[in-house]
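The chain contents come next:
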Amino acid sequence: MIPKSVRIVEVGPRDGLQNEAKLVPIAAKIHLIESLVEAGLSVVETGAFVSPKWVPQMADSGDVIAKIRRHPGIRYPVLVPNMQGFKAAVAAGPIDEIAIFGAASETFSQRNINCSIDESFERFAEVAKAAIAKNIRLRGYISCVLGCPYEGYISPSQVAEVAVRFFDLGCAEISLGDTIGVGTPLKAIAMVEAVAKLVPVSHLAAHFHDTWGQALANLYAVLNLGISVIDSSVSGLGGCPYAPGAAGNVATEDVVYMLQGMNIETGVDLAKVAAAGREICQVLGRTPVSRTAQALKSRVEN
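These numbers come from a predicted model, not from an experiment.

**Digging into the side chain of Ser155**
Here is step 1 of the chain: Examined against the element boundaries, Ser155 turns out to sit in the loop between strand S6 (137-143) and helix H7 (156-169).
Here is step 2 of the chain: Of the polar contacts made by the side chain of Ser155, one reaches the side chain of Ser157; its length is 3.0 Å.

**Let's talk about the pairing of S6**
Here is step 1 of the chain: With six of its seven residues buried, S6 lies for the most part within the structure.
Here is step 2 of the chain: Taken together, the seven bridges between strand S5 (residues 97-103) and S6 define a ladder with parallel strand orientation. Along S6, the bridge assignment pairs Ala99 with Arg139.
Here is step 3 of the chain: Across four bridges, S6 lies against strand S7 (residues 173-178) in parallel orientation. Counted as the bridge partner of Gly140 is Ile174 from S7.
Here is step 4 of the chain: At this point the chain moves from S6, through H7, to the parallel S7, and the crossover so formed is right-handed.

**Points about unusual backbone geometry**
Here is step 1 of the chain: One non-glycine residue, Asn114, lies in the positive phi region at around 60°.
Here is step 2 of the chain: As for its position among the elements, Asn114 is in the loop between helix H5 (106-113) and helix H6 (117-133).
Here is step 3 of the chain: One non-glycine residue, Asn135, lies in positive phi territory at about 60°.
Here is step 4 of the chain: Within the element layout of this structure, Asn135 appears in the loop between H6 and S6.
Here is step 5 of the chain: Classification of Asn135 as exposed rests on a relative accessible area of 71%.

**Examining the environment of Ile2**
Here is step 1 of the chain: In this structure, Ile2 sits in the segment before strand S1 (7-10).
Here is step 2 of the chain: Counting along the chain gives 221 residues from Ile2 to Leu223, while the straight-line C-alpha distance between them is 5.4 Å.
Here is step 3 of the chain: In contact with Ile2, other than residues within four places in its own chain, are Tyr220, Leu223, Asn224, Met262 and Ile264.

**Some thoughts on the sheet that holds strand S3 (residues 47-48)**
Here is step 1 of the chain: Reading across from one edge, S2-S1-S9-S8-S7-S6-S5-S4-S3 is the order of the nine strands in this open sheet, with parallel pairing throughout. In the strand order of this sheet, the two ends are held by strand S2 (43-44) and S3, each with one partner.
Here is step 2 of the chain: Across two bridges, S3 lies against strand S4 (residues 78-79) in parallel orientation. Bridge pairing in S4 places Ala48 opposite Leu79.
Here is step 3 of the chain: Docked against the sheet, helix H8 (residues 185-196) engages S7 and strand S8 (204-208), running at close to 155° with respect to S8.

**Regarding a negative patch on the surface**
Here is step 1 of the chain: A cluster of acidic residues, Glu106, Glu119, Glu122 and Glu151, forms a negative patch on the protein surface.
Here is step 2 of the chain: Considering the arrangement of structural elements, one finds Glu119 in helix H6.
Here is step 3 of the chain: On the accessibility criterion, Glu119 (40% relative accessible area) is partly exposed.

**Comments concerning the environment of Asp254**
Here is step 1 of the chain: Tracing the chain through its elements places Asp254 in helix H10 (residues 252-261).
Here is step 2 of the chain: What makes Asp254 buried here is its relative accessible area of 10%.
Here is step 3 of the chain: Here Asp254 is in contact with Leu216, Ser290, Arg291 and Thr292, once residues within four sequence places are set aside.

Scoring rules and cut-offs
Residues numbered from 1 in each chain as written. Predicted model: local features only at pLDDT ≥ 70, side-chain atom pairs only at ≥ 80, totals over all residues. Heavy atoms only, no water. Helix = DSSP H or I, 4+ residues; strand = E, 2+ residues; numbered from the N terminus. Polar contact = N/O pair within 3.5 Å; in protein donor to acceptor, adjacent residues only side chain to side chain. Buried < 20%, exposed > 50% of the residue type's maximum accessible area, 1.4 Å probe, protein only. Pairing = 2+ DSSP bridges. Right-handed = clockwise from strand over helix to strand, strands pointing away. Contact = heavy atoms within 4.5 Å. Axes fitted to C-alpha atoms, helices over the stretch in contact; angles between N-to-C directions. Patch = residues over 30% accessible without salt bridge, like charges linked within 9 Å, V, L, I, M, F, W, Y side chains within 5 Å. Areas by Shrake-Rupley, 256 points an atom, 1.4 Å probe, with all protein chains shown as cover. Salt bridge = Lys/Arg side-chain N within 4 Å of Asp/Glu carboxyl O. Lys, Arg positive; Asp, Glu negative; His and termini not counted. Charge placed at Lys NZ, Arg CZ, Asp CG, Glu CD.

Just geometry here; none of it tells us what the structure is for.
Structure, rendered in structure tokens:
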């Protein structure tokens, strides 16, 4: 079941930066996006049209969308929570893909988007209809698929119920997010198996955070179930403002290194994506958390 190739969805410019307190200049964001495309990533999440009051780092997403240089064959998805966000995204520039985001946890849904799961899908239905009418690809994110910071354990059946609702809306891809990074391989397998009974595995993506250092193990586990799309963030940047204790996403560099070692094609140049990670970390004034990036840097220096 292990796929011969994997598409990596790079979420660093959005999910990776959204929780950073230090505002990143527009020029640095655009350079990051360009560097990631140059590294061979074919899907680069570029921003979010959400309230700047709650996520100030994404307040300039419209300017980023308007100013990036688009390359043929590359998708530049943006996150939208509702019709207001959708209209703002469309007004900002050409949009080829949008992502809507919900949760498998009622409490997290309330804390993250201020509504119940049922209410969230009432909003999503309008956005999905508008996106499909404009031939804009639709993606769905599900948070807390392997645990919630408020409710704890989330059953695989809960995740499956939410996933099929996204699928029925017309989502071409449904990203299963271990938002707080508490999952372990057998739990990840049980969750994906439950979802795959209702949604074809070809429409699923894995979005695992690395809080407990389990992300790569969890990814390997679900690759064996046929998952062939992985969300990751350059240099392991990331976190969620509404998920206390959540560390960053699994690092793109670490994912690429693992997949290369498994002879799985990604189309990504490891050295180039590591360089992009070092550059954005310099802007943020931090050290890259990716072990692969650190090893590559050490090899060059020595």
